[in-house]
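# Structure at a glance
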Amino acid sequence: MAEYASPNPSGNEAPGAQGQTAQQGEPALRLTGISKAFGAVQALRNVDFEVYSGEVVGLVGDNGAGKSTLIKAISGVNIPDSGQIFVGGKHATITKPADATNLGIETVYQDLALCDNLDVVANLFLGREERNVLIPVIARPLDEIDMERRASAVLKQLDVKIPSIRVPVAALSGGQRQSIAVAKTILRNAQVVLLDEPTAALGVAQTRQVLQMIRRLRDSGLAVVVISHNLADVFEVVDRVVVLRLGQRVATFDVRNTTPEQVVSAITGAEFGEIMKSDGAANGNASQENAK
Amino acid sequence: MTSQSSTESAPVAPTPAAAPPGPFEVLRKRLFQGDLGQLPVVLTLILIAIFFEITSKGIFFAPQNLSNLILQIATIGFLGLAAVLVLLIAEIDLSLAAVASLCGAVLVVLSATKGASPAVAIISAIVVGAVVGLVNGFFIAVLRVPSFIVTLAALIGYTGVLIHLLPNASIRLIDPFLSGIAANYLTFPWDVLLPVPLIALYVLMQLWTRIRRQRAGLSQAPLWEVGARAGAVVVVSVLALIVFESYRGIPFSTLILVTALLVFWLIMRFTAFGRHVYAVGGNAEAARRAGIGVVGIRVAVFTLASTLAAVGGVLAASRAISASAQINPTLLLDAIAAAVIGGVSLFGGRGSVWAVVLGSLIIGSLENGLDLLNQGTDVKLMVEGVVLLIAVTVDAITRRRNATGLR
């Protein structure tokens, strides 16, 4: 463990190297030296990660590369064995999902976690309903009108089109449901939004809607992390691609001067077989950055 | 970036506010889609009533019989309401009838043999119900034992307790107040005056909501729809009043049931708790991730259900003027059937408190009509079994169609 416990030598992932995307100052979210083992399996090895406000980062990698483990470490589902998390430059401790939520980090999982039987407004405000005060403490009915007003405002902001926000979400398409799940995070004042395979189950038109919405999130100044298997989607919407392989961060690309083939080879390790022999994340990063 | 900018400028014009559909258009659309709401249930009720009116040679619609029918369904109504709550979180409670009988027995034993005052007897019976529900809820929600088994065990166990409490099979209820709950009526003019302020309040609430929505710049339900809804409430109230007034008035037990229905309608429809109950029934994992205390909601629902069953048991004991060690064999079935017939889904999260009214009217009419035709328990059980099966089948088919058709 000792060889992974120390943070990466800084400089390999210097923000300045990324060009002119909105990467001045502190990242909205920064992780350093994250390691996590499940029994004998080392799921993450000394991984650094950072995402800036107003930026979309694609987190890619093959199955078992550690993408989910990293996301779970950020969202508080799993606690990493070592490493540090900084939110807005401040050191943060995330040991449970509520910690992440309180820090403004929201995760949209693939299953979306919507109640099909409830309407759009009810889903958007689930667990944090707005209430009137009819009689203090005793009678505090739901403030449906204000919730509906705010719901339509946030859906307008994301440019989500829905026949009526009073229909049960069971009646909506996959893309619309994805949009509702994302709108939910906006209503919680998220600063960092993690999207797990947002386009996996969607058709062509719905995928475009969702990608459009991701751009809108970026434009409104949020830090967005997209986990995806679909490189076409990744290239269409992200600013930077971070590649994980076998629990290590092996490469970082700026999409503007990268080809999908380069990313694929980083994911599979095809051209960089020697990286693995060195058994250290720093070397891998360095060589990949040079290749760029 | 160039390919991006072309997609970014894709036209996303706001949908123009289409002209709201008129009443006939909505009706036609719903008929076409097979989304008829409660209409088939209402038609079934009318058919059943006409059938028994003819076969009983005019006794069914006699004022005294109708009033009797309403009295009969007070207990079914309370247990049905309990069943609705439990079904909404996609669980089941098989112990409702046993709990009702047990609490009825507690009431009668305390009043008749221990000499407790009516208030003490009633409160004790209801507290026993609440504790029973709390215990059920603990095993189901905290220990995650399937509700089917927990409440089956409760059903068997409390049947034993009931027999233990009433070694002589039954005890008569002597207290005049307690036996008067079911036997007394709210008479003219109070029974006519009572609904007036309530209906006025309802209409005012609707109008106030319209004004507030208008101020907030939100879409409005068409005026005819609001009018139709208010009109339906008035028509149903007037019809019910005519029935009650043609005999003696509104039975007290009916008044208690309607009050409970109103209170639970308000809770389920307008409070965060009610919203969370529906959420737990719709997707418990989503509810948990949204920060809802799913365990607490489940415990609360089972506690409320058993408490309502206890009230039903008190009304049953008052009506029978006794407590019996024999649990009514059809009561549990009646309660669950009333909920499901009224449109509450066995799969959780779908249905309204008002389902109980239609459901228990259908169940009550069947029992009452078969009694009028001098049919025994054998026929009643067979008919009710078939009716419950039909209702559950319709629920399962509707669910499947919604799951596949709507996406």
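Notes on the structure in this doc start here. Note on numbering: residues in each chain are counted from 1, in written sequence order. The naming scheme follows written order: chains are lettered A onward, ligands numbered 1 onward. Since the coordinates come from a predicted model, pLDDT governs what is reported: local features require at least 70, and pairs of side-chain atoms require 80 or more to be given and counted, while whole-chain, interface and lining totals use all residues. To get the side-chain values, all heavy atoms of the structure are used, and hydrogens and water are removed first.

## Observations concerning the packing of helix α10 (residues 195-215) of chain B against helix α11 (residues 223-246) of chain B
Residues and elements named next belong to chain B. To obtain an axis, a line is fitted to C-alpha atoms, over the contacting stretch when the element is a helix, and the angle between two such axes runs from 0 to 180 degrees between their N-to-C directions. Counting from the N terminus, the helices are the DSSP runs of H or I reaching at least four residues and the strands are the DSSP runs of E reaching at least two. The interhelical angle for the contact between α10 and α11, taken along N-to-C directions, is 170°, at an axis separation of 11 Å. Taken together, the axis directions place α10 and α11 in an arrangement best described as roughly antiparallel. Together, P195, I199, Y202, V203, Q206 and R210 of α10 and L223, V226, R229, A230, V233, V234, S237 and L241 of α11 make up the contact between the two elements. Its residues assigned to classes, the contact of α10 with α11 comprises 10 nonpolar, two polar and two charged. When describing relative orientation, an angle under 35 degrees is termed roughly parallel and one over 145 degrees roughly antiparallel, while 65 to 115 degrees is termed roughly perpendicular and anything else oblique. Contact between two residues is taken to exist if any of their heavy atoms lie within 4.5 Å; hydrogens are not considered. Side-chain classes are defined by residue name, with Ala, Val, Leu, Ile, Met, Phe, Trp, Tyr, Cys and Pro counting as nonpolar, Asp, Glu, Lys and Arg as charged, and the others, Gly among them, as polar.

## What to know about the sheet that holds strand β7 (residues 192-196) of chain A
All names here are of chain A. As summarised here, the arrangement of the six strands in space is β6-β7-β8-β3-β9-β10, forming an open sheet in which the pairing is mixed. Two strands bound the open sheet, and with one partner strand each, they are β6 (105-108) and β10 (248-254). Sheet twist, expressed as the mean angle between neighbouring strand axes with direction ignored, is 20°. A pair of strands is treated as paired once DSSP finds two or more bridges between them. Relative to β10, strand β9 (residues 240-245) runs antiparallel, the two being bridged by six bridges. Across the sheet, the residue bridging to L244 is R249, located in β10. Where helix α7 (residues 204-219) meets the sheet, its contacts fall on β3 (55-61), β7 and β8 (223-227), and the angle it forms with β8 comes to roughly 150°. Sitting on the sheet, helix α9 (residues 260-268) touches β3, β9 and β10, and the angle it makes with β9 is about 25°.

## What to know about unusual backbone geometry
In most cases, non-glycine residues show a negative phi, while peptide bonds are predominantly trans. Its identity is not glycine, yet N189 of chain A carries a phi of approximately 60°, on the positive side. Mapped onto the elements, N189 of chain A comes out in the loop between α6 (174-187) and β7. Phi at I321 of chain B is positive, roughly 50°, even though this residue is not glycine.

## Brief notes about the pattern of salt bridges
The salt bridge definition used is simple: a Lys or Arg side-chain nitrogen within 4 Å of an Asp or Glu carboxyl oxygen. In this structure the tally under the stated criterion is 25 salt bridges over all chains. Put simply, R166 of chain A and E144 of chain A hold a salt bridge, and the shortest N to O gap is 2.9 Å. You can see R166 of chain A sitting in the loop between α5 (144-157) and α6 and its partner E144 of chain A sitting in helix α5, a full 22 residues away along the chain. Relative accessible area serves as the criterion here: at 15%, E144 of chain A is assigned to the buried category. Notably, a salt bridge pairs E236 of chain A with R215 of chain A, separated by 3.4 Å at the nearest N-O pair. Within this pair, whereas E236 of chain A is found in helix α8 (residues 231-237), its partner R215 of chain A is found in helix α7, the two being separated by 21 residues in sequence. Summary of the burial criterion: residues with accessible area below 20% of their type's maximum are buried, those above 50% are exposed, and those between are partly exposed, where the area comes from a 1.4 Å probe applied to protein chains only. With a relative accessible area of 1%, R215 of chain A lands in the buried category. A single network of salt bridges, built from pairs that share partners, joins D119, E144, E148 and R166 of chain A together with R213 and R275 of chain B.

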